[in-house]
Structures are given as C-alpha cells and as structure tokens.
Amino acid sequence: MNSRMRPWREAATLLLAAGTPGRLPRSPPDHTDYELLLLQRSSRSGFMPGAHVFPGGLLEAADFSAEWLGLLPASPQCGLSPVRPPPPGSSRAPLFAAARERLGSPLPGEVAFRICAIRETFEEAGILLLVPGPGPGPAAGSGPAPLLPEELLPPAAELSEWRRRVQEEPGSFLQLCRHLGCVPNIWALQEWSNWLTPVARAGRGGRRYDTAFYLCCLEKRPPRTSQDDQEVTAFLWSSPPEAIERFKSQEIWFPPPQFYELCRLCNFSSLDELHKFSSDRALEGCECWMPVMLSASDGYIQLLPGDELYPEDPDYTGEKKIIMTTDKTVDKLMKEGSIFHRIVIKNINNLAVYVNIQAKYKHMNPLMINSENSRL
C-alpha cells in the first residue's frame, strides 16, 4: 500500500447487538435471541444516502486527545488485551499498525478508534456506552456488557443538551465523561473487521474511508434509542436474518460491507455465542479488505482478497487508473470460476455473497440464504 498517498479518511463503526430473550421473530425460521442496531442515513448525505448502516463516523482529533490518558487506566493499551502477531504471510491492518506516537498522539490507535465508535453511537443514536471510571475495565471472559445504570445518567433534557454539544464539538465527549465520572467502555468493543472504500465507489469529491468495524454485545434489551434527525433519519433494531429479509423485500438497503457483515452474523443465533466468539476471535486481529470492482455486462462483482480474480497488486490509491471490465455476464463468470470471495451486485437491493475460501484470523465466513431459500 502506497504510504505516500492515502486519499481516504479514517473512521470507526460499531455493530451493536442487544439481547432480546423471548422475542417474537418476524419469520418462523429465525430463532435469534438478539437484535442489531441499524441507522438510516439522511437522503442528503454525501455518502451512501438513504442506506441503513451501523452507527459510526469519522475519527476526530479529540478521539486522540492525550487528556483521555487522565481518565483511562494507565496499563499498556489502557487495559485492552493485546492482539497476537499476524499469521505468516499476513500483516496487521495498516489502520491499527500505524505508529500513532510518530503521528503526534500518545493514545494508541486501538483506543482512539473505540472512543470514536462510542462517541458516534451517542451522537447518532443517543446511546451511551460508558462505565464508572477509571477502573481497569471488564475482566477477561466476562459476559455481554451492562449499560450504565439509569441513576448515573443526567436527566433527559440535560443529556440531550450534552448530545447536541458533542455533535457540534467532539471534544465535549471527554467533558461529558468527566462530568459523569465515567469512561468509554472500550473493553466491550471487539475488533471485528477493517473495510477500505473501493476506488470505484468513492462518494462526492472522491470520499473514501478506511473504517474499523467493532462488535459490542449488550446483556439487556435494546436501550433507549433516538435518531439525531441530521445525519440519521430513522433507526431499526433487527436480528440479522430479519434485516436480510427486509433488504430482499426492498424495505431497506445496505452498502455491500454492511450486507456482508450481516450475512456473517447470520451464523449466530445466540448472543452469548456471538459474544464468546467475538471476544476470542478479536485477539487474532484482522486484515484490511479493499473490494476491487469488476464490471460485467449485466452487473458488478466486488472482489475481495483470496478470490481467484483479485489483483495481485491492488490499486489502493487510484493512481493507476485501472478499470476491470468484461463482456461476460455475472452468471458466466460464476460458472467459470472456482475460488470465490466476492459480492455480486445486480442492483442496490440484489446482492449475493459467495465465499468458499478458508476464513483467515479465525473468522467466520458469511452465511447467506438466497431468494430460493437455498444456502450459498
């Protein structure tokens, strides 16, 4: 990856799952006991307008503030468990491997990205993922995270005012934590994946994002949620299978990374199972995925690392002006191929994930049910 030219901004997003024991599923085959938070982006947004996404947003300088070190534990990585060295032939995702000290921040990237995801979740959905501080954080092997007790929260009007202040000035989030005597619950967020916007899918003005995806499991029912009516116009708590069903019925639509991750979560019907898997798996880290677009005669294919058609030297920056195109149909490309790690796109509500490669970093490949209800 060319370190001299990186035309993208760093961001963090959160897959927030909340337990819902005894929930009534929308479809009978769905026995999932948790729901995931999805937010609808404003139609005026310059990137993926109208899409349902996970809460998150751009990293701000305030997320790297040295003042956080006065609130968080002083132990290495602020008490976060260290990620194991990557397997042979692989490397730590550049987003996490960057030496932040040399970039002028004493705060480790793993901490700042989690603070960003937690701050954005408060800004966009009104949910505060805090714990009384400073404290060492939850013990290893503990279960899904508890929410901050109601008696520790300010009155609704005051909290709403804090939310407005944080939206206008991200540095106010640290002030809020000081005011409450709490710290962001960075220990409840598990490193999940890292997606880099494809060159061909840049938003207005060539916007691209290098985004850290985290997963957090909450022990109780979905907390009180409210959209900000600015970046977010609606919210939805849904199990992964229900979300896929809504997508296929064109009630909502997802960008490819969110669709891929929802298909991956379809492997888990139990919140406790998902929490244990994500906690154990997070110690392995993850690699950076930049989809490469292949234009076919009747659709598109987003190629991912490991696919037989994925370039050996991907054009991360767009400097090479490489365009992958073919006159073949998507079906013909699928029949001719044998090693898949790809997302097939016919239109925004017709996506399909095909993966038969061995998952890396002890991850789980997506589980998808197509329109004929057959497993892919």
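Definitions and cut-offs
Residues numbered from 1 in each chain as written. Predicted model: local features only at pLDDT ≥ 70, side-chain atom pairs only at ≥ 80, totals over all residues. Heavy atoms only, no water. Pairing = 2+ DSSP bridges. Helix = DSSP H or I, 4+ residues; strand = E, 2+ residues; numbered from the N terminus. Contact = heavy atoms within 4.5 Å. Axes fitted to C-alpha atoms, helices over the stretch in contact; angles between N-to-C directions. Buried < 20%, exposed > 50% of the residue type's maximum accessible area, 1.4 Å probe, protein only. Parallel < 35°, antiparallel > 145°, perpendicular 65-115°, else oblique. Nonpolar A, V, L, I, M, F, W, Y, C, P; charged D, E, K, R; others polar. Phe/Tyr/Trp six-rings, centres within 6.5 Å; stacked < 30°, edge-to-face > 60°. Lys NZ or Arg CZ within 6 Å of the ring centre and 35° of its normal. Salt bridge = Lys/Arg side-chain N within 4 Å of Asp/Glu carboxyl O.

Draft legend 1. Examining the sheet that holds strand 15 (residues 350-355) more closely. Judged by pairing direction, the sheet is mixed, and its five strands sit side by side in the order 13-11-12-14-15 without closing on themselves. In the strand order of this sheet, the two ends are held by strand 13 (324-325) and strand 15, each with one partner. Bridge count for strand 14 (residues 341-347) against strand 15 is six bridges, and the pairing is antiparallel. Bridging from a neighbouring strand, Ile343 pairs with Val353 of strand 15. Where helix 6 (residues 256-265) meets the sheet, its contacts fall on strand 12 (299-303), strand 14 and strand 15, and the angle it forms with strand 15 comes to roughly 55°.

Draft legend 2. Structural detail: unusual backbone geometry. The backbone phi angle of Cys78 is positive, close to 55°, even though this residue is not glycine. Inspection of the secondary structure puts Cys78 in the loop between strand 4 (56-58) and helix 1 (94-97). Even without a glycine there, the phi angle at Tyr361 is positive, about 55°. With respect to the secondary-structure elements, Tyr361 resides in the segment after strand 15.

Draft legend 3. The pairing of strand 8 (residues 209-218), seen in detail. Of all ten residues in strand 8, ten are buried; the element is thus mostly enclosed. Side chains Tyr209, Thr211, Phe213, Leu215 and Cys217 of strand 8 all project onto a buried face; the interleaved residues Asp210, Ala212, Tyr214, Cys216 and Leu218 project onto the opposite face, where all are buried too. By the bridge criterion, ten bridges tie strand 1 (residues 9-19) to strand 8 in an arrangement that is parallel. The residue bridging Ala18 from the neighbouring strand is Leu218, located in strand 8.

Draft legend 4. Looking closely at the packing of helix 3 (residues 156-168) against helix 4 (residues 172-180). Running from N to C, helix 3 and helix 4 cross one another at 150°; their axes reach a closest spacing of 8 Å. If you check the angle between helix 3 and helix 4, you find them roughly antiparallel. Touching Glu158, Trp162, Arg165 and Val166 of helix 3 are Ser172, Phe173, Gln175, Leu176 and His179, all from helix 4. Along the lines of polarity and charge, the residues of the contact of helix 3 with helix 4 split into four nonpolar, three polar and two charged.

Draft legend 5. Local environment of the packing of aromatic side chains. Within the structure shown, the criterion is met by twelve aromatic pairs. Look at Phe247 and Phe254: their rings are 5.6 Å apart centre to centre, the planes differ by 20°, and that puts the pair in the stacked class. A relative accessible area of 0% means that Phe247 is categorised as buried. Using a relative accessible area of 1% as the deciding quantity, one classes Phe254 as buried. Connected via pairs of aromatic rings, a cluster forms that spans Phe64, Phe96 and Phe113. Between Arg165 and the ring centre of Trp162, over which it is positioned, the NZ or CZ distance is 4.1 Å.

Draft legend 6. Summary view of the pattern of salt bridges. Applying the stated criterion across every chain yields a total of 19 salt bridges. Here Glu191 makes a salt bridge to Arg92, at a shortest N to O gap of 2.8 Å. With a gap of 99 residues between them, Glu191 in strand 7 (residues 190-196) and Arg92 in the loop between strand 4 and helix 1 connect regions that are remote in the sequence. When salt bridges that share partners are traced, they join Asp63, Arg119, Glu120 and Glu123 into one network.

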